[in-house]
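Notes for the structure review
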Amino acid sequence: MIELNHINVDFESKNTTIHAVRDVTLTINKGDIFGIVGYSGAGKSTLVRTINLLQRPTGGTVHVNGEDLLSLKPKNLRIARKKIGMIFQHFNLMNERTVAGNVLYALRSSTLPNLEKKRKVTELLTLVGLADKQNVYPSQLSGGQKQRVGIARALANDPEVLLCDEATSALDPKTTLAILELVKELNEKLDLTIVIITHEMEVIKEICNKVAVMENGAVVEQGSVVSIFTDPKEPLTQEFINTATHIDQALAKLAKHPSVLNIREEDSIVRLSFVGENTNSPLISSLYSKFTVTTNILYGDIEILHDTPIGNLIVTLSGTIAQRKSAIHYLAGQGVNVQPLEQIQLSDQSKVISINRDKHIL
Ligand SMILES: Nc1ncnc2c1ncn2[C@@H]1O[C@H](COP(=O)(O)OP(=O)(O)OP(=O)(O)O)[C@@H](O)[C@H]1O
Ligand SMILES: [Mg+2]
């Protein structure tokens, strides 16, 4: 378990102080795949580097498995750090050493006999799918293969925690998925706790069970991936999710759709999001039988996150104001999150529609 308590990191530069991390408190449980998402400069790397004290916080405490890292003497800190592996965006391999040599280097201060070390290197490279590449040099590998070496090296000292700083940012989408798949497999096989930094909510959606959203040094929202995806509270979180679920693209396309262009007084455009068993029930069809409200589905998507179906629909509801009001109240009562959408005229004559969270429905 990792406990970060009221972490602050300040950098002094010339006459100014940069508050890279502001009062962050996070608990990462054993076995979690914990995602930290945010734009460039949000403070993600600085925060994560405090977990192994590559970055000493200016304030706050860091506990890993109950041990207060800031109180450890250098020797004990070195031991504690061995239990925390790390991988990076640009792999940081040593080009003059072979693949096996790179992994072996991580065992340089291990007390294992040489033969055991060699056996361990082979075992690790087999685990990451590179058994046949032991004697080649990094320059002969693809990006995905280089990251696999990075992972094998990070696992050399049997860590309990793996920190991944933008580990897939330099890879193409297919290779990214393969690496994420491997990370998930290691989480299950080795009971590894994993912390993943990314600027893509897609990565979070793919493998994380928990997520924290960072902005300007602070964590603005955190929770389980399912709860954050179904009910994001902060505008920044909504922005990340809309991109990851392709709602943004759908909205841009829909702005030109005839049913949106010719919207009438008696129509409302709404986004419906729902979780779990609600995705199975015939809610939409019951809107007509119950309230004489006709529904036109403009966009629909269901994603499965950790076995939980999460649905997103963009629909027009047609009927009198009273009928639409009743239908929306009914949907909300059934656990469906209903958000009004609004057409916005841009200055260049083109239109977009956007989610308007502050506006009351009808
Ligand atoms: N060693 C340092 N000295 C001074 N300022 C720093 C240092 N490291 C980071 N910063 C500043 O702290 C802030 C947070 O940086 P950080 O690298 O943690 O962000 P990030 O979220 O990881 O960004 P990216 O996605 O680009 O990697 C930035 O404003 C950065 O310029
Ligand atoms: Mg970073």
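Everything numeric here is computed off the predicted structure, so don't read it as measured data. (Residues numbered from 1 in each chain as written. Chains lettered and ligands numbered in written order. Predicted model: local features only at pLDDT ≥ 70, side-chain atom pairs only at ≥ 80, totals over all residues. Heavy atoms only, no water.)

1. Side note on the packing of helix 5 (residues 143-154) against helix 6 (residues 173-190)
The N-to-C vectors of helix 5 and helix 6 enclose an angle of 20°; their axes lie 10 Å apart at closest approach. One way to sum up the angle between helix 5 and helix 6 is to call them roughly parallel. Crossing of helix 5 against helix 6: the hand is right-handed. Counted together, Gly-144, Gln-147, Arg-148 and Ile-151 of helix 5 and Thr-175, Ala-178, Ile-179, Leu-182, Val-183 and Leu-186 of helix 6 form the full contact between these two elements. Classifying every residue of the contact of helix 5 with helix 6 by side-chain character gives six nonpolar, three polar and one charged. (Axes fitted to C-alpha atoms, helices over the stretch in contact; angles between N-to-C directions. Helix = DSSP H or I, 4+ residues; strand = E, 2+ residues; numbered from the N terminus. Parallel < 35°, antiparallel > 145°, perpendicular 65-115°, else oblique. Left-handed = near helix turned anticlockwise from the far one by under 90°. Contact = heavy atoms within 4.5 Å. Nonpolar A, V, L, I, M, F, W, Y, C, P; charged D, E, K, R; others polar.)

2. A closer look at the site of ligand 1
Phe-11, Ile-18, Ala-20, Tyr-39, Ser-40, Gly-41, Ala-42, Gly-43, Lys-44, Ser-45, Thr-46 and Glu-166 make up every residue found near ligand 1. The contact in question runs from an oxygen atom of ligand 1 to an N or O atom on the backbone of Gly-41, over 2.8 Å. Between ligand 1 and Ser-45, the relevant distance is 2.8 Å, taken from an oxygen atom to a side-chain nitrogen or oxygen of the residue. Across the complex, the protein chains shield 58% of the 630 Å² of accessible surface that ligand 1 would expose by itself. Among the elements of the structure, strand 2 (16-28) and helix 1 (44-49) are those that each provide at least two residues to the shell around ligand 1. Within the shell around ligand 1, the residues separate by chemical class into five nonpolar, five polar and two charged. (Near = heavy atom within 4 Å. Polar contact = N/O pair within 3.5 Å; in protein donor to acceptor, adjacent residues only side chain to side chain. Areas by Shrake-Rupley, 256 points an atom, 1.4 Å probe, with all protein chains shown as cover.)

3. With respect to the packing of helix 12 (residues 283-291) against helix 13 (residues 321-333)
Put simply, helix 12 and helix 13 touch, their axes get as near as 10 Å, and they point 140° apart. If you check the angle between helix 12 and helix 13, you find them oblique. Handedness of the crossing formed by helix 12 with helix 13: right-handed. Each of Leu-283, Ser-286, Leu-287, Lys-290 and Phe-291 in helix 12 lies in contact with helix 13, whose residues at this interface are Gln-323, Ser-326, Ala-327, Tyr-330 and Leu-331. Taken together, the residues of the contact of helix 12 with helix 13 sort by class into six nonpolar, three polar and one charged.

4. Section: the pattern of salt bridges
Under the counting rule described, the total for this entry stands at twelve salt bridges. Among the salt bridges present, the one from Lys-210 reaches Asp-32, with a minimum N-O distance of 3.1 Å. With Lys-210 in strand 9 (residues 210-215) and Asp-32 in the loop between strand 2 and strand 3 (33-37), this pair connects stretches of sequence that are 178 residues apart. Residue classification places Asp-32 among the buried residues on the basis of a relative accessible area of 5%. Notably, a salt bridge pairs Asp-158 with Lys-120, separated by 2.7 Å at the nearest N-O pair. (Salt bridge = Lys/Arg side-chain N within 4 Å of Asp/Glu carboxyl O. Buried < 20%, exposed > 50% of the residue type's maximum accessible area, 1.4 Å probe, protein only.)

5. Here we look at unusual backbone geometry
Here Asp-158, not a glycine, exhibits a phi torsion of approximately 50°, which is positive. Position of Asp-158 among the secondary structure elements: in the loop between helix 5 and strand 7 (161-165). Under the relative-accessibility criterion, Asp-158 is labelled partly exposed at 47%. Unusually for a residue other than glycine, Asn-216 sits at a positive phi of about 55°. Here Asn-216 is to be found in the loop between strand 9 and strand 10 (218-224). Overall, the relative accessible area of 54% leaves Asn-216 in the exposed class.

6. A closer look at the domain arrangement of the protein chain
Domains assigned within the protein chain are domain 1 (2-226) and domain 2 (245-361). A straight line from the C-alpha centre of domain 1 to that of domain 2 covers 40 Å. On the side of domain 2, seven residues touch domain 1, which itself brings seven residues to the contact. Summed over both partners, the interface of domain 1 with domain 2 comes to about 570 Å²; 64% of that surface belongs to carbon and sulfur atoms. (Domains from an automatic or database assignment. Buried area = accessible area lost by both parts, 1.4 Å probe.)

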